[in-house]
Amino acid sequence: MRPCCPQKVAICSIIFITHDLGVVAELCDRVVVLYGGLVMEEAGIDQIFEDPKHPYTLGLLASIPSVDQDKSRRLQPIPGSPPDMTKPPKGCPFAPRCQYARRICAEELPEMTQVAQGHRSRCWLLDPEAPAEQNPFKQETSKRHREEGAS
Ligand code: SF4
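A quick note: this is a predicted structure, and the numbers were derived from the prediction, not measured. (Residues numbered from 1 in each chain as written. Predicted model: local features only at pLDDT ≥ 70, side-chain atom pairs only at ≥ 80, totals over all residues.)

Novice: How should the overall build of the chain be read in this particular structure?
Specialist: Within the chain, the secondary structure is distributed over five helices and four strands. Going from the N terminus to the C terminus, the chain shows its helices and strands as α-β-β-α-α-α-β-β-α. Across the 151 residues of the chain, 20% fall into the buried class. Long-range contacts, defined as pairs at least 24 residues apart, comprise 38% of the intrachain contacts of the chain with a sequence gap of at least 6. (Helix = DSSP H or I, 4+ residues; strand = E, 2+ residues; numbered from the N terminus. Buried ≥ 20, exposed ≤ 12 C-beta atoms within 10 Å, placed from the backbone. Contact = placed C-beta atoms within 7 Å.)

What follows is the structure, given as structure tokens:
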């Protein structure tokens, strides 16, 4: 949390729990994105907004309304429902709602991957062996490879 009074900085932390990343942007320095009882992504506030590395985080960001947006444009909800935690899923808990899910996603839970200093995410798309096609986190890489191949 940022100090509310710059002259009096208390040495303390506050855990703020919300689905609203707009509120998080105003209040928090670090963000831990949870889904299905697991940490999906953990990063500084700027990394979460400028370079998110998890499909659930992408979905949360896409659902933030803006006062500038076209009023005819509908908000983008994340389709589907959270998992039934009385029967926890075997693989990634976000798999039934994830537009990028692959077969391995429903079978095995990915580990947390360090994507940058202070930035970790749990997603098979970050695996070095993951294909670049339909992969929002490797699109720049695949585009660069295509351009290099064309030159
Ligand atoms: S591991 Fe698979 S299902 Fe889970 S968020 Fe990543 S791509 Fe989607």
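So that's the structure; there's more coming.
Novice: Would you mind going over the sheet that holds strand β1 (residues 30–35) with me for this structure?
Specialist: In sheet architecture, strand pairing relies on hydrogen bonds along the backbone and comes in two forms, parallel and antiparallel. An order of β1-β2-β4-β3 is seen for the four strands of this open sheet, with the pairing classed as antiparallel. Only two strands of the sheet have a single partner each, and these edge strands are β1 and β3 (113–116). Each strand axis lies, on average, 25 degrees off the axis of its neighbour in the sheet, ignoring direction. One ladder, built from two bridges, connects strand β2 (residues 38–44) with strand β4 (residues 119–121); its direction is antiparallel. (Pairing = 2+ DSSP bridges. Axes fitted to C-alpha atoms, helices over the stretch in contact; angles between N-to-C directions.)

Novice: I'm lost on the environment of Gln-99 in this one. Help?
Specialist: Within the secondary structure, Gln-99 sits in the loop between α3 (55–62) and α4 (103–107). Using a count of 11 C-beta atoms within 10 Å as the deciding quantity, one classes Gln-99 as exposed. Between the C-alpha atoms of Gln-99 and Tyr-56, which are 43 residues apart in sequence, the distance is 9.9 Å.

Novice: It is not clear to me how the environment of Asp-51 should be interpreted in this structure. Could you clarify?
Specialist: Position of Asp-51 among the secondary structure elements: in the loop between α2 (45–50) and α3. On the basis of neighbour counts, which here come to 12 C-beta atoms within 10 Å, the residue Asp-51 falls in the exposed class. Sequence separation of Asp-51 and His-119 is 68 residues, and the distance between their C-alpha atoms is 9.7 Å.

Novice: When you look at the nonpolar core in this model, what are you seeing that I'm missing?
Specialist: Nonpolar side chains in soluble globular proteins tend to end up buried together. Grouped together as the largest cluster of nonpolar side chains are 20 residues, with contacts concentrated most on Tyr-56 and Phe-94. Those elements giving two or more residues to this core turn out to be α1 (21–27), β1, β2 and α3. Looking at this core, the element that brings in the most residues is β1, giving three residues. (Core = buried A, V, L, I, M, F, W, Y, C linked by C-beta atoms within 7 Å.)

Novice: Explain the pairing of β1 to me, please; I cannot follow it from the model alone.
Specialist: If a strand is regular, its side chains alternate between the two faces of the sheet. Covered by surrounding structure in β1 are Val-31, Val-33 and Tyr-35 only, the residues Arg-30, Val-32 and Leu-34 on the alternate face being uncovered. One ladder, built from six bridges, connects β1 with β2; its direction is antiparallel. Residue pairing across strands places Tyr-35 opposite Leu-38, the latter belonging to β2. Hairpin connection of β1 to β2: two residues between the antiparallel strands, including Gly-36 at a positive phi of 55 degrees.

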